[in-house]
Number of protein chains: 4
Amino acid sequence: MFFASDNTSPVHPRVMEALTRANEGYAMPYGNDPIMEEVRATIRDRFEAPEAAVYLLATGTSANCTALACLCPPWATIFCHTNAHVEEDECGAPEFYTGGSKLTLVGGEHARIDPAKLAHAISHTGRGGVHNVQRGAVSITSPTENGAVYSVAQIEEIARIAKAHDLPLHMDGARFANALVATNASPAEMTWKAGVDAVTLGGTKNGLMGVEAVILFNPKHAWEFELRRKRAGHLFSKHRYLSAQMQAYLQDDLWLEMARTANARAADLSAGILSLSGASLLHPTEANSVFASFTRAAHRRAHAAGAKYYLWPFDQSLDGDDEEMLSARMVCSSCTTEANVDEFLSALRG
Amino acid sequence: MFFASDNTSPVHPRVMEALTRANEGYAMPYGNDPIMEEVRATIRDRFEAPEAAVYLLATGTSANCTALACLCPPWATIFCHTNAHVEEDECGAPEFYTGGSKLTLVGGEHARIDPAKLAHAISHTGRGGVHNVQRGAVSITSPTENGAVYSVAQIEEIARIAKAHDLPLHMDGARFANALVATNASPAEMTWKAGVDAVTLGGTKNGLMGVEAVILFNPKHAWEFELRRKRAGHLFSKHRYLSAQMQAYLQDDLWLEMARTANARAADLSAGILSLSGASLLHPTEANSVFASFTRAAHRRAHAAGAKYYLWPFDQSLDGDDEEMLSARMVCSSCTTEANVDEFLSALRG
Amino acid sequence: MFFASDNTSPVHPRVMEALTRANEGYAMPYGNDPIMEEVRATIRDRFEAPEAAVYLLATGTSANCTALACLCPPWATIFCHTNAHVEEDECGAPEFYTGGSKLTLVGGEHARIDPAKLAHAISHTGRGGVHNVQRGAVSITSPTENGAVYSVAQIEEIARIAKAHDLPLHMDGARFANALVATNASPAEMTWKAGVDAVTLGGTKNGLMGVEAVILFNPKHAWEFELRRKRAGHLFSKHRYLSAQMQAYLQDDLWLEMARTANARAADLSAGILSLSGASLLHPTEANSVFASFTRAAHRRAHAAGAKYYLWPFDQSLDGDDEEMLSARMVCSSCTTEANVDEFLSALRG
Amino acid sequence: MFFASDNTSPVHPRVMEALTRANEGYAMPYGNDPIMEEVRATIRDRFEAPEAAVYLLATGTSANCTALACLCPPWATIFCHTNAHVEEDECGAPEFYTGGSKLTLVGGEHARIDPAKLAHAISHTGRGGVHNVQRGAVSITSPTENGAVYSVAQIEEIARIAKAHDLPLHMDGARFANALVATNASPAEMTWKAGVDAVTLGGTKNGLMGVEAVILFNPKHAWEFELRRKRAGHLFSKHRYLSAQMQAYLQDDLWLEMARTANARAADLSAGILSLSGASLLHPTEANSVFASFTRAAHRRAHAAGAKYYLWPFDQSLDGDDEEMLSARMVCSSCTTEANVDEFLSALRG
């Protein structure tokens, strides 16, 4: 019953096997390994983007921020949702990587940027010329921090607003596969065909040990990206082990298979919660995260049964009135079993 | 015959097994995994430093530069050797991490800092008060970029000069184990007992997949280090896989065993080269790197036989006069076999 | 009828005379001029702060940001009002000077920080430990960007909240003298006695050519401030001309006299506007800025009569419906005459 | 007898008059004053550069570093002389403004970059691809920190080497006028016609209160320069006072007249020193600085007579052996009189 985060799950066995296979003999370092050639070809193929620049990094923060630093100069601002990971969970990494750009926070339900609010925020930025921080880039996250998924049409709408102001569009796809299987779109439809310029294609939260790909659909920033990655200490010498993970991930649609499982378990969990008297969902469950409201009594039972998940926001407590409603986040992964879900629901139910 | 770098070698089987073992079930992320508890205890024990702050990162550049950023403010300078990795091979990462500090280059044979030159450089820095970059930190590398190893006495001498100016001393130990077995010192003797304040204990070049420990003997910068690591995107969510590698590395002295093998092969290779007519060593072979001079004809033969290594500096060529002397760097690892060395020497010999 | 900004006004004749006097003979550079000794003594005396560190810079942006960089580390955030100059009018200078800290925007009427909102923002920052940007500093502006003035009690309340979280309190006093004469407080009461740790004491908008003092009541950051100022290119070689301006400013209460005149003209202007049919004040006039709402027809008449001021926000226009209400900002300075005010009111009135 | 630096001299009376004239009435701020229009036209005319972007800043450090930040990305290096002001006297401002670029130090007599050493340094930079700091820009200073002046042919030679590697060439012209009258070249010949892309045209050391112009001959970085200047706090609100100084400076060749006087006094001083028994010049006197060697006894006499100048380097002392030779720097300005020179020589002579 481990719903704390998908990053608490182990690595998929096929990925471990790939690592073992990659461990034969010598390999040239720093991305010059032959497996990286395959990764590049595979990603270009899956994304129908033969010119795209493709890079691997080991963490989502570094992947997002290296990309953003290529897209947004230091004196500009990145428009993102108030709850975006780049704003809330990266300890100022965007500011560090960009050399001091700002993040302009835009609201919207379920952590999806509201297009009208985005348009307003952009048009109200930089009106004072040189005195103001300039318009830099737009960054969206799908699935969002609240488990919602942007439809292709929604991405297109955001992109239209960004393009109207010549702003590049970045997508934080830490859980990209979960969004992809939720929308039934193709990778290309969900990215460059909808107007996305750069995407972080996450693997770590979906069964890898620690690999994220960054895809720059327009390769004009490719060399700059390589220099920024190196300078940030994110160019791995034994790069083959990143390559091997990503290649296994994409092979035979393993990434989609894992994401489908995780999403299905989240759907099961949501349905179960809705059937509980007094419980409700705080956000629609569109990918693998479930945000629910239930009583402290239910929380106490789940906790006693050993369930791991976060009260969200953090300042809620096990102690207090039984009937008070608490908010919780449960994240499923490809390792979550139907039995885990059932056991958790039973505990909640009491 | 792969002598290009120790980072081209595979991961040691015992490390792969540790990764597989670590892959069981769920684990808390971001360094809160139970294996990290063991790593911390093991390192504190091996280094006789019960108060030390211990962190894991995946690359040497990030390990060095996060530590240096804690030690040196943006308006100060880091005294290092002209050929130091932080100067020559990190694409300005120290400047990026520190927020713009300078590196003051100090000479010395075999890439060891010459103490007299260091004393001179420090005393000639910052004499103009606020107009000048200030004195920040001293950074040494052992083994050096030329394969030399600082004796404990040499480290103590550098530390004395640094301390006389209240400067912290950082050691880039990308190949720490190779230096350790070369000196026969204990980890404590080679670090804090000699005056080192922070050390990067490398694992990647010595049989790991990608892990370096940073040890801060004085933990006053511990929280700052954690924030800087996070902000640079180097706090791993699935941290258990870093922990597992480092724990296996230190277990049963695997790190020392691998380093001894690598150093022994380098010694064999050096002895063989010295026996070749016209060939010579450019630097004493004190750890696992060999710097040698031999004819282009010898180089052509080795190259034809499939040997991989770098001409060092890079601007030398396969083409040209047969008898011209070229400079080459050969790095041995724990995977280098006696047969590899013999085959290489045969090819050189012709 | 120049109400565009107080920075469009000329320099007071007594300041010009001081510059002429300072222009005799040679003087040591970089703040080692004898007039700076006087400035330091005068400011310490006026602020009853014998230990304070006192520095001069030529622009408000550099003064604010050098101080903030001493108070807030790169991984932390500065709590300020949504409309603060540091947020809206410095093109990201705080981010540049601090090395990438964030600004957390807090609401409040008339651009005064609402204490409850500040308390909420602080308590909701950094709850996720190392994952989050940390709490850094609080910055207030008095008079605010909307012409309101913090009372001493209001400053004390903000300071209490900041101190409860161990946060330093910075005051942007670009129009400090205007606030001082409005509150009738002493400089000490309005600053360190109320809990302010560092203040920018502006001169440029109040009759100087270009000088701002920064006063650090706790001198522990003094040397760091000097290094940051130099490194930002704000240590003037011919510093005596900054010193001479500031000394003339403080001499015989010239600063207060100029501020009183400017505030009085703003009061006259406000009273006049309130007497116009259909016009109103958008913010109370507490210092030397007037924010008013009047019809486009009135604006057209004022514009035709040659009055200079800004429609605020900028996206309003001379063209459109006569009866539509526009928002405007008029700033008075010590050069504003009663005749200027009357002429402007006549033009508005039509 | 004030030879400490030309920045200890007062402002020329014609400049003070211009400031007084500029002090009439209101003026639009931030460079939108009408005098700036004249300055721009005058500089474009004098430099025969009708397209050049022209900006004013108040300090040499900010002028140099804002320009360099436009020319050199954070991951690159600026090739400059070991004794360049940007290296030795700006407390890391280039690193701060550029976001962490490096300075690669190149030797050469009299602080002039040796072309062969520059070519070597450039060709040895960045050979390791992404691992290395990249080639960024070349920066020269004329007159140099040792008082030497680059001939037009010497600038052309440096430019040829820079252009061969596509590197922009920056000139720190803190004493530009002194170099200009020394070479008898036109401003265009000494800058863009010789291959200079951006120049700092200093005024502060040559009779102004604090103004430097930056001229970007290729205006492609113009907007970026404006943003960087603002963000660094160097866009002056009461900009007219910078404009007025620069306009008076260029009017009726005042800048050249002052520089000629300063250079002539330095020539007199050098001739006098050469006539002293045992004294010698350490560098040729080509502009307004004199570097000389004389005995401690002579130094003591000059000091006792009230002469102000720096022993250079700083670690020499009034105390010690009478006959020991000391090194000193004496800087003349347009205020230095023949009597000052004679008096100083008499004192030295004893």
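Now for a description of the structure that goes with this document.

**Some points on the overall build of chain A**
Thought 1: Helix and strand counts for chain A come out as 14 helices and 11 strands.
Thought 2: The globule rule puts the C-alpha radius of gyration for 350 residues at 20 Å, and the 21 Å found for chain A is close to it.
Thought 3: Dimensions of chain A, computed from C-alpha atoms along their principal axes, come out at roughly 60 × 55 × 30 Å.
Thought 4: Looking at chain A residue by residue over its 350 residues, the buried ones come to 66%.

**Re the interface of chain C and chain D**
Thought 1: Each partner contributes residues to the interface: chain C has 49 residues there, and chain D has 49 residues.
Thought 2: Here chain C and chain D share an interface that buries about 4200 Å² over both sides, 60% of which is from carbon and sulfur atoms.
Thought 3: Inspection of the chain C/chain D interface yields zero salt bridges.
Thought 4: Joining chain C to chain D, the criterion identifies 31 residue pairs in polar contact (both at pLDDT 80 or more).
Thought 5: Going through the elements one at a time, α1 (13-22), α3 (60-71), α5 (93-98), α10 (222-231) and α11 (240-250) of chain C are the ones with two or more residues in the side of chain C that touches chain D.
Thought 6: In the side of chain C that touches chain D, the residues fall into 24 nonpolar, 18 polar and seven charged.

**Some thoughts on the pairing of strand β2 (residues 76-81) of chain B**
All names here are of chain B.
Thought 1: Burial analysis of β2 places six of its six residues in the buried class, which makes it a mostly covered element.
Thought 2: As judged from the four bridges shared by β2 and strand β4 (residues 134-141), these two strands associate in the parallel manner. Pairing of Phe79 across the sheet is with Val138, part of β4.
Thought 3: Where β2 meets strand β3 (residues 102-106), five bridges bridge the pair, whose relative direction is parallel. In the strand pairing of β3, Thr77 is matched with Lys102.

**Brief notes about helix α11 (residues 240-250) of chain B**
Residues and elements named next belong to chain B.
Thought 1: In terms of burial, α11 is a largely internal element, 11 of the 11 residues being buried.
Thought 2: Turning to α11, its buried residues number three or more, namely Arg240, Tyr241, Leu242, Ser243, Ala244, Gln245, Met246, Gln247, Ala248, Tyr249 and Leu250.
Thought 3: Phi turns positive, to about 50°, at Asp252, one or two residues after α11.

**Digging into the relation of the copies chain A and chain B**
Thought 1: Taken as rigid bodies, chain A and chain B are interconverted by a rotation of 180° and an axial shift of 0.0 Å, the fit giving an RMSD of 0.0 Å. Taken together, the turn and the small shift mark the pair as related by a two-fold rotation axis. The C-alpha atom lying nearest the rotation axis in chain A is that of Ala232 of chain A; the distance is 3.5 Å.
Thought 2: Both copies present the same face, since 100% of the interface residues in chain A are matched by interface residues at the equivalent positions in chain B.

**Some details on the interface of chain A and chain B**
Thought 1: Between chain A and chain B, the contact holds 49 residues from the first and 49 residues from the second.
Thought 2: Roughly 4200 Å² of surface becomes buried between chain A and chain B when both sides are summed, with 60% attributable to carbon and sulfur atoms.
Thought 3: For the pair chain A and chain B, the number of links is 30 residue pairs in polar contact (both at pLDDT 80 or more).
Thought 4: If you list the elements that add at least two residues to the side of chain A that touches chain B, you get α1 (13-22), α3 (60-71), α5 (93-98), α10 (222-231) and α11 (240-250) of chain A.

**Points about the environment of Ala182 of chain B**
Residues and elements named next belong to chain B.
Thought 1: Counting through the fold element by element, Ala182 comes out in helix α8 (residues 176-183).
Thought 2: What makes Ala182 partly exposed here is its relative accessible area of 35%.
Thought 3: Among all residues touching Ala182, those that are not within four sequence positions of it are Val149, Asn263 and Glu286.

**What about the environment of Ala262 of chain C?**
Thought 1: Structurally, Ala262 of chain C can be placed in helix α12 (residues 254-274).
Thought 2: Leave out the neighbours within four places in its chain, and Ala262 of chain C touches Asn178, Asn288, Cys332, Ser333 and Ser334 of chain C.

**What to know about the relation of the copies chain C and chain D**
Thought 1: If you rotate chain C by 180° and push it 0.0 Å along the axis, it lands on chain D with an RMSD of 0.0 Å.
Thought 2: A symmetric contact is evident, with 100% of the interface residues of chain C recurring at the interface of chain D.

**What about the sheet that holds strand β11 (residues 325-331) of chain B?**
Residues and elements named next belong to chain B.
Thought 1: The sheet built from four strands is open, its strands ordered β8-β9-β11-β10 with antiparallel pairing. Bordering the open sheet on either side are β8 (280-281) and β10 (310-311), each of which pairs with just one other strand.
Thought 2: Direction of pairing for strand β9 (residues 289-295) relative to β11: antiparallel, over a ladder of seven bridges. By the bridge assignment for β11, Phe294 is matched with Leu326.
Thought 3: On the sheet, helix α12 (residues 254-274) packs against β8, β9 and β11 and is oriented at approximately 20° with respect to β9.

**Some points on the packing of α11 of chain A against helix α12 (residues 254-274) of chain A**
All names here are of chain A.
Thought 1: The N-to-C vectors of α11 and α12 enclose an angle of 70°; their axes lie 5 Å apart at closest approach. By the angle class used here, α11 and α12 are roughly perpendicular. Facing α11, whose interface residues are Ala248, Tyr249 and Leu250, α12 presents Leu254, Trp255 and Met258.
Thought 2: In terms of residue class, the contact of α11 with α12 is built from six nonpolar, no polar and no charged.

**Some points on the sheet that holds strand β10 (residues 310-311) of chain A**
Strand pairs in the sheet, formed through backbone hydrogen bonds, run parallel or antiparallel to each other.
Residues and elements named next belong to chain A.
Thought 1: The strand order across the open sheet built from four strands is β8-β9-β11-β10, with neighbouring strands paired in antiparallel fashion. This sheet does not close on itself; its edge strands, each paired only once, are β8 (280-281) and β10.
Thought 2: Relative to strand β11 (residues 325-331), β10 runs antiparallel, the two being bridged by two bridges. Within the sheet, the bridge partner assigned to Tyr310 lies in β11 and is Arg329.
Thought 3: Contacts from α12 reach β8, β9 (289-295) and β11, with the element oriented near 20° to β9.
Thought 4: Taken strand by strand, helix α13 (residues 296-304) contacts β9, β10 and β11, and its axis lies near 120° from that of β9.

**Comments concerning the pairing of β4 of chain B**
All names here are of chain B.
Thought 1: A large share of β4 lies buried, amounting to seven of its eight residues.
Thought 2: Direction of pairing for β4 relative to strand β5 (residues 169-173): parallel, over a ladder of four bridges. Directly across from Val138, in β5, lies its bridge partner Leu169.
Thought 3: Following the backbone out of β4, through helix α7 (residues 152-164) and into the adjacent parallel β5, one traces a crossover that is right-handed.

What counts and how
Every chain is numbered on its own, with residues counted from 1 as its sequence reads. To label them, take the chains in the order written and letter them from A, then take the ligands in the order written and number them from 1. Totals for whole chains, interfaces and linings use all residues, but because this is a predicted model, local features are given only for residues with pLDDT of at least 70 and pairs of side-chain atoms are given and counted only at 80 or more. Side-chain metrics rest on all non-hydrogen atoms present in the structure, leaving aside hydrogens and water. Starting at the N terminus, helices and strands are each numbered in turn, a helix being any DSSP run of H or I of at least four residues and a strand any DSSP run of E of at least two. Radius of gyration here is computed from C-alpha atoms only, and the compact-globule reference equals 2.2 Å multiplied by the residue count raised to the power 0.38. Buried means the residue's accessible area, taken with a 1.4 Å probe over protein chains only, is under 20% of the maximum for its type, while exposed means over 50%, and partly exposed covers the values in between. Any two residues having at least one pair of non-hydrogen atoms within 4.5 Å are treated as being in contact. Here the quantity called buried area is the total loss of accessible area, with a 1.4 Å probe, experienced by two parts when brought into contact, counted for both. One speaks of a salt bridge when a side-chain nitrogen belonging to Lys or Arg is within 4 Å of a carboxyl oxygen belonging to Asp or Glu. Polar contacts here mean pairs of N or O atoms no more than 3.5 Å apart (in protein, one a potential hydrogen donor and the other a potential acceptor; neighbouring residues in sequence count only if both atoms are side-chain atoms). Three classes are used: nonpolar for Ala, Val, Leu, Ile, Met, Phe, Trp, Tyr, Cys and Pro, charged for Asp, Glu, Lys and Arg, and polar for all others, with Gly counted as polar. Pairing between two strands is assigned when DSSP locates at least 2 bridges connecting them. Fitting of the copies onto one another was done by least squares over C-alpha atoms, counting residues only where both copies have pLDDT of at least 70. The convention used is that axes are lines fitted to C-alpha atoms, helices contributing only their stretch in contact, and that angles between N-to-C directions extend from 0 to 180 degrees. Angular relationships are summarised with four words: roughly parallel below 35 degrees, roughly antiparallel beyond 145, roughly perpendicular across 65 to 115, and oblique for the angles in between. Whether a crossover is right-handed depends on one test, that the path from the first strand over the helix to the second runs clockwise when the strands point away from the viewer.

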